[in-house]
Amino acid sequence: QIGAPVRHTAAKMMLSRATDAARKALTQRRYASSDNLLKTMLYDLHVERGGKMVPFAGYELPVQYAGAGVLKEHMHCRAPGKASVFDVGHMGQIKWTGADRAAFLEKCVVGDIKGLGAGEGRLSLLTNESGGILDDTVITNAGDYIYMVVNGACKVTDMAHLEKMMAEHSDMDVQMNYLGDDATLVALQGDGAKTALQPLLPDGFDMERFAFMTGVDTTVGGMECRVTRCGYTGEDGFEIGVTHTKDAVAVAELLLSNENVEPCGLGARDSLRLEAGLCLYGNDLDDTVNPVEGTLLWTIGPKDTRRRTEQGFPGAANMLTAEGKPKKFGRKRVGFMGHTKPARPGADIYSADGTTKVGTVTSGTVSPCLKAPIAMGYVETALGKNGTELTVDIRGKKIPTKVAKMPFVEPNYWRVPE
């Protein structure tokens, strides 16, 4: 395991072993190619199955698989009774321990961490002093520790930032343990995910009561894992953190041995998350965007809830009034539909008459389910109402489009029966 627990007894420590380990992993570890790209533990499995490997977040990951392709992989994940396996081992997994772990994290992220029940998780945001989003993260109360997953492209800078915060709050009892570059995370997504996973879990595991955005330490095929019911496709599904490196390939192959389960690459992962109206950090969110502009105020909490009123996270005063109401900003994140050609990231959005630039596309594709172009981006707040007519510059032509409600495709997240 890379990265021993970090204990701040004094502010003299500038970087922990965890941060050093992550930095070393991204600079000195085995490389996947001459471009100094890292391999996940499932690299050989991808190649054996015909994965077309491409650079992503410093790793070499499959964009699609031979004999399938992005469209087929996308539709398989959406199909009734089917499920897809994604390698998300590039993401960073962190365990937080210490009596003050929840209180400390509330000084770093916008969400209510103290209020998480046993096994409960939520999406939250790391922010800087101006309120800009440094990363989006899923944080789960795992009982005697807090489990945190951050984006692969951000994990080194995230941990450096968290180290800085720990130094500033060195009187708090909190330890950060980065699980290392070899820590495998596999996503199983789709309507058939629960059926495929159930036989691999311990006898008596209550899949029906296993709520979305909750997690548990358990076994998969007898191998120790952390299973969280979550994902980034808009479907029911699970993210499986494999505890021991030696079990990484075995867990993935066990999932793929089910006749209804197929591997899925980055291409379909991107179109799936965009149909679901979910952001890609670096495209739709960055450190210049705050949660209000990003229409992510819900990650802080509803009106009059503790985090809205107490605040205490970086940049809170820049986006919220003292009463917890959102301040006004000049832009907001919205969806777009109606344009007849695909609008790609960076395309300019104009007024309906095409004379005034009013925004920018941050993500765009042709929706395989809707068979029509969809996009996400930022427009002037006054133009952010659903149905507002605009135009988008696509290869020099102003194409009519409209602000559209997200998600574009109805989500299929699991709901525990009442």
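Remember, predicted model here, so these are calculated numbers, not experimental data.

(A) Representation of the pattern of salt bridges in the model. With the rule as written, the count across this model stands at 17 salt bridges. Between Glu 106 and Arg 307 there is a salt bridge, with the nearest N and O atoms lying 3.7 Å from each other. Here Glu 106, found in the loop between helix H4 (101–105) and strand S5 (121–127), pairs with Arg 307, found in helix H9 (residues 306–310); they are 201 residues apart in sequence, far enough to count as distant. Here the two residues Glu 106 and Arg 307 agree in accessibility, since each one is buried.

(B) Structural context of unusual backbone geometry. A cis geometry characterises the amide bond from Met 406 onward to Pro 407, with omega recorded as 0 degrees. Among the structural elements, Pro 407 can be located in the segment after strand S19 (397–404). For Ala 57, which is not glycine, the phi torsion reads 55 degrees and is therefore positive. Relative to the assigned elements, Ala 57 resides in the loop between strand S1 (51–56) and strand S2 (59–65). A relative accessible area of 25% places Ala 57 in the partly exposed class. At Asp 304, a residue that is not glycine, the phi angle is positive and equals roughly 70 degrees. Mapped onto the elements of the fold, Asp 304 is located in the loop between helix H8 (266–275) and H9.

(C) Expanded view of the packing of aromatic side chains. Taken as a whole, this structure holds four aromatic pairs when the rule is applied. Feature note: the residues Phe 205, Phe 210 and Phe 238 constitute an aromatic cluster, connected by ring pairs. Across the ring face of Tyr 378, the terminal group of Arg 331 is positioned such that the distance to the ring centre comes to 5.2 Å.

(D) How the structure looks around the side chain of Arg 273. Within the secondary structure, Arg 273 is located in helix H8. Within the structure, the side chain of Arg 273 is placed 2.9 Å from the side chain of Asp 270, a separation counted as a polar contact. With sequence-adjacent residues up to four places away left out, Arg 273 is seen in contact with Tyr 232, Leu 278, Cys 279, Leu 280, Asp 284, Ser 363 and Met 376.

(E) Looking closely at a positive patch on the surface. On the surface, a cluster of positive charge is made up of Lys 341, Arg 344, Arg 395 and Lys 397. Structurally, Arg 395 can be placed in the loop between strand S18 (389–394) and S19. Given a relative accessible area of 85%, Arg 395 falls into the exposed group.

What counts as what
- Residues numbered from 1 in each chain as written.
- Predicted model: local features only at pLDDT ≥ 70, side-chain atom pairs only at ≥ 80, totals over all residues.
- Heavy atoms only, no water.
- Salt bridge = Lys/Arg side-chain N within 4 Å of Asp/Glu carboxyl O.
- Helix = DSSP H or I, 4+ residues; strand = E, 2+ residues; numbered from the N terminus.
- Buried < 20%, exposed > 50% of the residue type's maximum accessible area, 1.4 Å probe, protein only.
- Phe/Tyr/Trp six-rings, centres within 6.5 Å; stacked < 30°, edge-to-face > 60°.
- Lys NZ or Arg CZ within 6 Å of the ring centre and 35° of its normal.
- Polar contact = N/O pair within 3.5 Å; in protein donor to acceptor, adjacent residues only side chain to side chain.
- Contact = heavy atoms within 4.5 Å.
- Patch = residues over 30% accessible without salt bridge, like charges linked within 9 Å, V, L, I, M, F, W, Y side chains within 5 Å.
- Areas by Shrake-Rupley, 256 points an atom, 1.4 Å probe, with all protein chains shown as cover.
- Lys, Arg positive; Asp, Glu negative; His and termini not counted.
- Charge placed at Lys NZ, Arg CZ, Asp CG, Glu CD.

These values are about where atoms sit, not about what they do.
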